[in-house]
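These are the residues of each chain, in order.
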Amino acid sequence: MSADAHPVPVLLYHAVMDDPPAWIAEFTVTPRQFEAQLDAVRGSGRTPVTIGTLAAHFAGRAPLPPRPVALTFDDGFADLPGPTAEALARRSLPATAYLTTGAIVPGGASLLPPAPMMTLAQARVLEEYGMEVGGHTVSHPQLDTLTQPALHRELALSKAVLEDALGHRVVHLAYPHGYNSRAVRRAARAEGYETAVAVRHAFSSERDEAYRVARLVVRRGHTAADVETWMRGEGARVAPYNDAPRTMGWRFFRRAVAAVKGPVFAG
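Below is a summary of the structure that appears in this document. Note that the structure is a prediction, hence the values are computed from the model and not measured.

Where burial is concerned, most of strand β9 (residues 195-200) is hidden: six out of the six residues are buried. Residues Thr195, Val197 and Val199 point to one face of β9 and Ala196, Ala198 and Arg200 to the other, with burial holding for every one of them. As paired strands, strand β8 (residues 172-174) and β9 are joined by three bridges and run parallel to one another. Bridge pairing links histidine 172 to threonine 195 in β9.

This is the structure in C-alpha cells:
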C-alpha cells in the first residue's frame, strides 16, 4: 500500500432487526448490535461522510476530510426510515441508502425474496433524517450477467423512479451483491451516476475507483470490537486492487447460468 492509500472504512449494512427472514439473516444485525456499532464509529474520531463526499473527492472537486468513514444501507428494509434512521440521527451520523425500486413500489417486479420493506414514499423521510439516497436497480439482479438492454433498464428505470419521487437527480448507485464488470461500470457512468459502490469486503481509499468503491460487509457475527478494528484501519485489505482470477472465473460461470435461466437474484 502506498503512502497516500489510507484506509477509508465504508460500512455496508442491510437490515437492522431482531427476527429477520432467513435469506437475509446473515447480513442482519440486531438493534442492540447496531447501536453499539454506531457508538464505536462515533467514538473512533473519524469524520462521518456520505458517498457524495467521496464522489466530490474522486471528481477532483474537494479533498476528503481527515480520517473519513461512510455508512451505507442496501435494499430498503422497513427499519430504515424508522428506528435505523433515528439511531443515526441521534449520533449526527450521515449515511447513504441504496433502494431497490421494484421491492418498494406496490406491485413492483423484484427478485428479492419476501421481507418487510419500506415504501417509495418514505424515501423523502430518509432525506429528512439527513440520509443520501441512491439507486440499487429495479429488481436486484446480477448486473454483470445481463444483456445490454436489460442492464440499461435496470440502471435507468430505477434512477428515474427515485428522481421522480424525490424531485432531484440521483447520482449514486450500488451494484446488487457487488457484482459488476467493466461493461457494467461503463453503463453506470453513461446513465449519469457519479459513483457506484461494490462490496469486495475491503477498505476504500483516496485512490479507490469511483465506479467500484470498496465496502466492508457487516454480518450478524460482527461486534462493536470488529467495527473498532476497522475504524483503526485494520482487518482488511485496501482498494484499489485487481480482481482475482477466481472472481473472474465465478463471473463466467454466473453468466452461463443466466444465459440459460434468465436474470438471477444477486444474493
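So much for the structure itself; the text now carries on.
Looking now at the nonpolar core. Soluble globular proteins: nonpolar side chains tend toward being buried together. Grouped together as the largest cluster of nonpolar side chains are 47 residues, with contacts concentrated most on Leu11, Phe34, Leu71, Phe73, Leu88, Leu99 and Met131. Contacts of phenylalanine 34, omitting those with residues within four sequence positions, involve Tyr13, Val16, Val29, Phe73, Thr84, Ala87 and Leu88. Ranked by size, the runner-up nonpolar core spans 14 residues in total, among them Ala188, Tyr193, Ala198 and Tyr211.

Listed as buried for helix α2 (residues 51-58) are Ile51, Leu54, Ala55 and Ala56. Taken from the residues just after α2, glycine 60 is the one with a positive phi, measuring 80°.

Counting buried positions over the five residues of strand β10 (residues 213-217) gives five, a clear majority of the element. The side-chain alternation of β10 yields two buried faces, one formed by Val213, Arg215 and Val217 and the other by Ala214 and Leu216. Taken together, the two bridges between strand β1 (residues 10-13) and β10 define a ladder with parallel strand orientation. Bridged to leucine 12 within β10 is valine 217. Here β9 pairs with β10 via two bridges, running parallel. When the sheet's bridge partners are listed, arginine 200 is paired in β10 with arginine 215.

What follows is about unusual backbone geometry. The general pattern is negative phi for most residues beyond glycine and trans for most peptide bonds. A cis amide bond links alanine 239 with the next residue in sequence, proline 240, at an omega value of 10°. You can see proline 240 is positioned in the loop between α8 (224-231) and α9 (245-261). Here arginine 67, not a glycine, exhibits a phi torsion of approximately 45°, which is positive. The residue arginine 67 is located in the loop between α2 and β5 (68-75) in this model. One non-glycine residue, histidine 201, lies in the positive phi region at around 45°. When you line up the elements, histidine 201 lands in the loop between β9 and β10.

Criteria and cut-off values
Residues numbered from 1 in each chain as written. Predicted model: local features only at pLDDT ≥ 70, side-chain atom pairs only at ≥ 80, totals over all residues. Heavy atoms only, no water. Buried < 20%, exposed > 50% of the residue type's maximum accessible area, 1.4 Å probe, protein only. Helix = DSSP H or I, 4+ residues; strand = E, 2+ residues; numbered from the N terminus. Pairing = 2+ DSSP bridges. Core = buried A, V, L, I, M, F, W, Y, C linked by side-chain atoms within 4.5 Å. Contact = heavy atoms within 4.5 Å.

Any functional reading would require information beyond the geometric quantities listed.
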